[in-house]
Amino acid sequence: MSEIAKAYDSGQVEQKWYRFWMEQGYFTPQIDPDKKPFVIIMPPPNVTGELHVGHALTATLEDIMVRWHRMKGEPTLWLPGVDHAGIATQVIVEQKLAREGIDRHTLGREKFIEHVWEWVNKSRQSITYQHQKLGASCDWTRERFTLDEGPVRAVRTAFVRLYNKGLIYRGERIINWCPRCQTALSDLEVQHKDITGNLYYLRYPLADGDGFVTVATTRPETYLGDTAVAVNPKDKRFKDLIGKKVILPVIGRIIPIISDSAVDLTFGTGAVKITPAHDPVDFEMSGRQSLPVIHILNPDATMNEQAGPYAGLDRFTCRQKILEDFEKAGLLEKTESHSHAVGHCDRCQTMIEPEVSKQWFVKIAPLAEVATKAVVEGQIKIIPERFTKVYLNWMENIHDWCISRQLWWGHRIPVWYCQECNELIVSAEEPATCTHCNAAKLVQDSDVLDTWFSAGLWTHSALGWPDDTEDLRYFYPTSVMETGYDILFFWIARMIMMGLEDTGDIPFHTVYLHGLVRDEKGDKMSKMRGNVMSPVESTDVYGTDALRFALTTGTSPGNDINLGQHKLEAGRNLANKLWNAVRFVLKSLEALPIDGQELTKLETERPEPLEDRWILSRFNRLIGEVHESMADFQFGEAERQIHDFFWGEFCDWYIEISKIRLGRSTISPLPVLTFISEALLRLLHPFMPFITEELWQNLKERLPEGTLGPASIMIAPYPAADEKTIDPEAEQVMDSVIEIIRSIRNTRAEHKVAPARWIEAQIYADKLAPAIMLQSEAIETLARARPLTILNRDRRQTKGEKALAMVLKEAEIVLPWAGMVDLNAEKQRLEKEIDTNQKETARLKERLKDTAFISKAPPAVVEKERSKLQAHEDKLLRLRQELTQLS
Ligand SMILES: [Zn+2]
Ligand SMILES: [Zn+2]
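Just so we're clear, the structure is a prediction, and the values are computed from it rather than from any experiment.

Peer 1: Just checking my understanding: could you explain the coordination of the zinc ion (ligand 2) for this structure?
Peer 2: Six octahedral donors around a metal ideally make angles of 90 or 180 degrees; four tetrahedral donors ideally make 109.5 degrees. Surrounding the zinc ion (ligand 2) are the protein donor atoms Cys418 (SG), Cys421 (SG), Cys434 (SG) and Cys437 (SG), which sit 2.3 Å from the metal. Sequence spacing of the donor residues for the zinc ion (ligand 2), all on one chain, is C-x2-C-x12-C-x2-C. Here Cys418, found in strand 18 (residues 415–418), pairs with Cys437, found in the loop between strand 19 (424–426) and strand 20 (442–444); they are 19 residues apart in sequence, far enough to count as distant. With a relative accessible area of 1%, Cys418 lands in the buried category. Assessed through its relative accessible area of 33%, Cys437 is described here as partly exposed.

Set out below in C-alpha cells:
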C-alpha cells in the first residue's frame, strides 16, 4: 500500500494519471450499434501559437461533458483537431520573417509555404501538450488537421458540389480589400471603428456654361474614379441639372449628371459623386445606369495609372495633394468635421478599401434558408436561448460570401484554367488535360479559400466525409458544439449551412455557447493591458483541477467569466480540503479495515444512526440535483452544488460528528464515510479529474480486492440517485441539531467565550425532543456544551437565573450567563467599556455644541462627527443592557 502524502502535489499526480489513461486507451470509444453515442468535435484552435484561457475554458467545459457521458456508459467521442487558420497564420509567419529581413515575395510561394509548415509543426505539438496538461480526455488517435489529406478532399468535394449546383460563382463585386495583406476579406473579417474624419465639399464645374455642382465626400481621392454625379429625381433643387455634364478637375474627364431614386436627399448637398469601383451602393447603381467602372488603386493602395498626375502616390498622400489642388483652384467649398465608421482589417488593423474585384462567392440564400429552418423547427437548440434570435436575425440579413483569398497559405481553389482555349475546369481531382480541347497546359487558380470554408465542413470532414466511413455513420450528427459566442456567425452558422448541404443532416443537436474570460475586474484580457493569464502557468502554480474549478464554477452559459488569483486560490483550497477529508478516511481505514459487505449493505439496508441516514439522504438529493443541472447544461451550478455539500454537510458536520463514534464498539461510521467519499469522488471527477483519480485509487487500495471494480475512476459509473435513501425525518431532526449547535457556537463567538470553555446549555423542544436527545453527545461535543439538558417544553423550569434565550424553528435554547462567562470579570469588562464610551460620547457632544466648529468645518466633516456620536450612543445603550442582564 502506498503511503498517502500529507499534502496534495498536483504536478506529480497529473502527469502520472494522464499517461495511465492514455496507455489504457480510455479516450477511444468502442463503437456499439446498440448504444447512442455522445460526440463532441473540438473547435480546432488556430495553429498560431499558445492556448489562451478561452481555449482552457473550451477544453474544460467539453471535458466535463465528455467525462460525464463516458461515466454514464455512453460510447463517447471527443475528436480533437487544429486549424490551419489561413490569414492569421500567414500574417504571423510574414511578421516573423520580416523581423529576419525576409519578404515573402522575394522568397516565393513554395519556399514561403515551407516556412509556414515549419511553424505549424512546432505549434501543433505545443497545442497538444497544453491540452493534455488541461486533462482533456480527447481521442488523440482521431486527431485531425484542417489541411490533412481527408479535409483537403472534403473541401474540394464540397466546392465542386456547390459549383455544379450553381451555388458557387465567380464574379465582380465590391469586396473588402486589405492593402497590407493584399487579399479580399469577408464582411466578418472587417472591424468597424468610429473615426472622426472630414467631409469635404468638392465643386465640379459644369461642362457648358458657368457654375458648378458641389458634392460631399470623406474620400476625395476617389473622385478620380467618378463616372457620374447623381441626384434624387424628387429633388427640386437639381431638376434643371439632370442630363447636363460636369468636368472632373485636373484630369478633365467629362461625366453626366443623372437621377436615381437611391440618392439620399439629406446627405451633403443632395448631389452625390458616383464611384462604382470603390463603393457598394455606387457599384449597384452603375449596373442599373450602365455607368463605366473605373478602378483607381493598385493592390497596395497606391494610385494606379487611372489617377493621371497622381499615379504612384499613396492613397493618403494623394488625398492631401488633391485637396491642395482643389483649394488652389477655388474648388474646395468647405470642410466639415465628420465622424463615421471605417472598416479595418481584423488581422493587421490596416484601413480596408471597398473595391470591385473578381472573386469567388457562395450564393448564400438557399443555404441560409435550410439552416434557418433547422433552428426554427428545433432540430438544433442554441444554449443560452437568447442567441437564437441573434442567429436568426443574422441569417435574415446575410449577403453572398466571398470565399477567395489572395493568400498562399490555405486550401487552393480547385479550379484550373486552360491556357489554350480559356476553358474553366472545376474538379476535385487535379485534371491532366483540358476537358474541352485536351490541351495539357492548365494553370490552377492561385487563390486559396477563406479559412471558414474548411471550418464550415469540420463536423463532417473530421469524421471522414466525403467517404462513407463507419465513424461518419455512427458519430454524425454530433451531440454538442461547444464554443465561444463570439464565433456564432463565423463558424456555427456556416457549419449548419455546410453540414446540411453536404450530408442532408444537421451537424449537431445542441450549440452550447460560453462567454469570454475576463480578468478579476471584468476587463478584457489583452497583451496591451498586461492582464493576460496563461493557462499553463496557472496549472503549474495552482494545479490543473484548481484552474478547471476556477474557470467553470458558478458560471452559466453565454455569460462572461471573471478570472483572477482569488478564484484560483479557491480552487486550490477545495483540492486541499478534499485531500485532507479523504486522507482522514484513508487513515481511518488503515487503522480499522472494513470489509466490502459493509459497503454493499448500504445499498440495500438503511443504517441505524440518524446522522448516517441523514448524510445518505442529503447525498442522494445532491446526486439528483447534479444530474438535473448537468442535463440542463448548468455545469457551473452542478459544481457549486457538489462543493457546498462537500464543504458544508460532509466536512463540517458529518465528518465531525462521525469522529465521536470512530473507534468505539458501537456501529462504526467508517462504511458510510467510505461510501460517501468514494461516490463523491466519482461525482466530482468530470470537474477535477486528477485529484479524484489519485484519491480514488488510494481508496481502492485500502478496500478488499474487488470492492471497487473498474481500474480507473474515469471508467467507473457516474453516481445515480437512490430514491430509497431519501429520509425526510432524519433530515428534519438533523436540521434542528445543526441549528442548535450553530446558535450556541454563534452566541459563544459573540460573547467571546474561550473556545476551550465548556458552557451549560438547556434545550427545550416539543415532538422532536426524544430524537434530539439521541444526538446529545454530538451537541455536547460540537457546541462544547456541558452540562446539557434536553427536555420537553412543558418541563421548562424558571429558576430565575440570568440567562440568554434563543428561539429556533423546533427548539428553544437557554444559556445561563454563569456558565458562559466569569460574571465578575465580565461585569468589570463591560463597566470599563461603558466608561470609555461615555467619555468619547461626552467629547463628541461638546464638539458638536461648538458653534465655531459647526460654522467653519465642511458639512461633510460635521456630518461624520454626528454619525460617530450616534454610533457611540447606540453602543452605550447595548453595553448597559448587557450589564443589567448580568446583575
Ligand atoms: Zn490585413
Ligand atoms: Zn482547353
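On we go from here.
Peer 1: Please explain the sheet that holds strand 6 (residues 183–185) as it appears in this structure.
Peer 2: Pairing between the strands of a sheet comes from backbone hydrogen bonds, and it takes one of two forms, parallel or antiparallel. One open sheet holds the 4 strands; their spatial order is 6-5-14-16, and the pairing between them is antiparallel. Across the chains shown, the open sheet's two edge strands, defined by having one partner strand only, are strand 6 and strand 16 (401–402). Of the pairings in the sheet, the one linking strand 5 (residues 168–178) to strand 6 comprises 3 bridges and is antiparallel in character. Within strand 6, the residue paired with Asn176 across the bridge is Leu185.

Peer 1: Explain the layout of surface pockets to me, please; I cannot follow it from the model alone.
Peer 2: Any space left empty among the atoms is revealed by the rolling of a water-sized probe across them. The volume enclosed by the second largest pocket comes to roughly 930 Å³. Secondary structure elements with two or more residues in the lining of the second largest pocket: strand 7 (190–205), strand 8 (212–217), strand 12 (272–274), helix 7 (280–289), strand 13 (332–345) and strand 14 (353–362).

Peer 1: I would appreciate a short explanation of the coordination of the zinc ion (ligand 1) in the present structure.
Peer 2: Of the protein atoms, only Cys178 (SG), Cys181 (SG), Cys345 (SG) and Cys348 (SG) coordinate the zinc ion (ligand 1), at distances of 2.3 to 2.4 Å. For the zinc ion (ligand 1), the 4 donor atoms in the first shell make angles of 102 to 116 degrees at the metal, so the coordination geometry reads as tetrahedral. Read N to C, the donor residues that coordinate the zinc ion (ligand 1) are spaced as C-x2-C-x163-C-x2-C. For the pair Cys178 and Cys181, one class covers both residues: buried.

Peer 1: Just to check I follow, could you spell out the sheet that holds strand 9 (residues 228–231) for this structure?
Peer 2: Taken in spatial order, the 4 strands of this open sheet run 10-11-9-12, and their pairing is mixed. Looking at which strands have only one partner, the edges of the open sheet turn out to be strand 10 (245–247) and strand 12. Recorded for the sheet is a direction-independent mean angle of 35 degrees between the axes of neighbouring strands. Relative to strand 11 (residues 254–259), strand 9 runs parallel, the two sharing 3 bridges. Paired with Val229 across the bridge in strand 11 is Ile257.

Peer 1: Teacher, can you tell me more about the packing of aromatic side chains here?
Peer 2: Two aromatic rings are characterised by how far apart their centres lie and by the angle between their planes. What the rule picks out here adds up to 27 aromatic pairs. Among the aromatic residues, those joined into a ring-pair cluster are Phe159, Tyr163, Trp360, Trp401 and Phe453. If you follow Arg173 out to its NZ or CZ, it ends over the ring of Phe361, 5.9 Å from the centre.

Peer 1: Please clarify how empty space enclosed by the protein should be interpreted in this entry.
Peer 2: Following the criterion strictly, the structure yields 2 cavities of 30 Å³ or more and no others. In this model, the largest cavity occupies a volume close to 40 Å³. Along the lines of polarity and charge, the residues of the lining of the largest cavity split into 3 nonpolar, 2 polar and 3 charged. Empty space within the second largest cavity amounts to approximately 30 Å³. Every residue lining the second largest cavity is listed: Leu51, Gln130, Lys133, Leu134, Pro535, Val536 and Thr539. For the lining of the second largest cavity, the elements supplying multiple residues, two or more each, are helix 5 (109–133) and helix 15 (535–542). The dominant element in the lining of the second largest cavity, judged by the number of residues it contributes, is helix 15, at 3 residues. Of the residues that constitute the lining of the second largest cavity, the class distribution is 4 nonpolar, 2 polar and 1 charged.

Peer 1: For this particular structure, what's the right way to read the packing of helix 20 (residues 635–661) against helix 25 (residues 776–783)?
Peer 2: To describe two helices that pack against each other, one gives the angle between their axes and the distance between the axes. The geometry of helix 20 relative to helix 25 is characterised by a closest axis approach of 10 Å and an angle of 110 degrees between their N-to-C directions. Between helix 20 and helix 25, the interaxial angle falls into the category roughly perpendicular. Here helix 20 contributes Trp653, Glu656, Ile657 and Ile660 to the contact with helix 25, which in turn contributes Glu777, Ala778, Thr781 and Leu782. Grouping the constituent residues of the contact of helix 20 with helix 25 by class yields 5 nonpolar, 1 polar and 2 charged.

Peer 1: Teacher, can you tell me more about unusual backbone geometry here?
Peer 2: Most peptide bonds take the trans form, and the phi angle of most residues other than glycine is negative. Going from Trp465 to Pro466, the amide bond is cis rather than trans, its omega being 10 degrees. Here Pro466 lies in the loop between helix 12 (458–461) and helix 13 (470–475). With an omega of -5 degrees, the peptide bond running from Tyr476 to Pro477 counts as cis. Tracing the backbone through its elements, the reader meets Pro477 in the loop between helix 13 and strand 22 (478–484). In this structure, Asn422 takes a positive phi of about 70 degrees despite not being glycine.

Peer 1: What should I look at first to understand the nonpolar core in this one?
Peer 2: As a rule of thumb, soluble globular proteins bury nonpolar side chains together. Membership of the largest hydrophobic core comes to 136 residues, with the highest contact counts inside it found for Phe650 and Phe687. The biggest single contributor to this core is helix 20, with 12 residues. For Phe650, the contacting residues outside a window of four places in its chain are Ile615, Phe645, Ile655, Leu673, Ile676, Ser677 and Leu680. Core analysis: the next-biggest nonpolar cluster, separate from the first, contains 61 residues, Ala154, Trp360, Trp452 and Tyr476 among them.

Peer 1: Can you help me understand the pattern of salt bridges in this one?
Peer 2: Oppositely charged side chains can form a pair if their charged atoms are brought close together. For the coordinates displayed, the defined rule picks out 55 salt bridges. Residues Arg104 and Glu94 are paired through a salt bridge, measuring 2.7 Å at the closest nitrogen-oxygen approach. With Arg104 in helix 4 (residues 104–107) and Glu94 in helix 3 (residues 86–99), this residue pair connects regions lying 10 residues apart in the sequence. Of the two residues, Arg104 and Glu94, neither departs from the other in class, the shared state being buried. The partner of Arg640 in a salt bridge is Asp644, and the shortest N-O contact between them spans 2.6 Å. Taken together, the residues Arg640 and Asp644, both in helix 20 and 4 residues apart, mark about one turn of the helix. What makes Arg640 partly exposed here is its relative accessible area of 33%. Residue Asp644 is classed as partly exposed on the basis of its relative accessible area of 36%. Here the residues in one salt-bridge network are Glu3, Lys587, Glu590 and Arg702, joined through shared partners.

Here is what the cut-offs are and how they apply
Residues numbered from 1 in each chain as written. Chains lettered and ligands numbered in written order. Predicted model: local features only at pLDDT ≥ 70, side-chain atom pairs only at ≥ 80, totals over all residues. Heavy atoms only, no water. Donors = N, O, S within 2.8 Å, 3.2 Å for Na, K, Ca; no water. Helix = DSSP H or I, 4+ residues; strand = E, 2+ residues; numbered from the N terminus. Buried < 20%, exposed > 50% of the residue type's maximum accessible area, 1.4 Å probe, protein only. Pairing = 2+ DSSP bridges. 1 Å grid on protein atoms, 1.4 Å probe; cavity = no way out; pocket = protein on both sides within 12 Å on 5 of 7 lines; lining within 4 Å. Points joined across faces, edges and corners; volume = space filled by probe spheres on them. Tetrahedral: all angles 85-135°; square planar, octahedral: opposite > 155°, others 65-115°. Axes fitted to C-alpha atoms, helices over the stretch in contact; angles between N-to-C directions. Phe/Tyr/Trp six-rings, centres within 6.5 Å; stacked < 30°, edge-to-face > 60°. Lys NZ or Arg CZ within 6 Å of the ring centre and 35° of its normal. Nonpolar A, V, L, I, M, F, W, Y, C, P; charged D, E, K, R; others polar. Parallel < 35°, antiparallel > 145°, perpendicular 65-115°, else oblique. Contact = heavy atoms within 4.5 Å. Core = buried A, V, L, I, M, F, W, Y, C linked by side-chain atoms within 4.5 Å. Salt bridge = Lys/Arg side-chain N within 4 Å of Asp/Glu carboxyl O.

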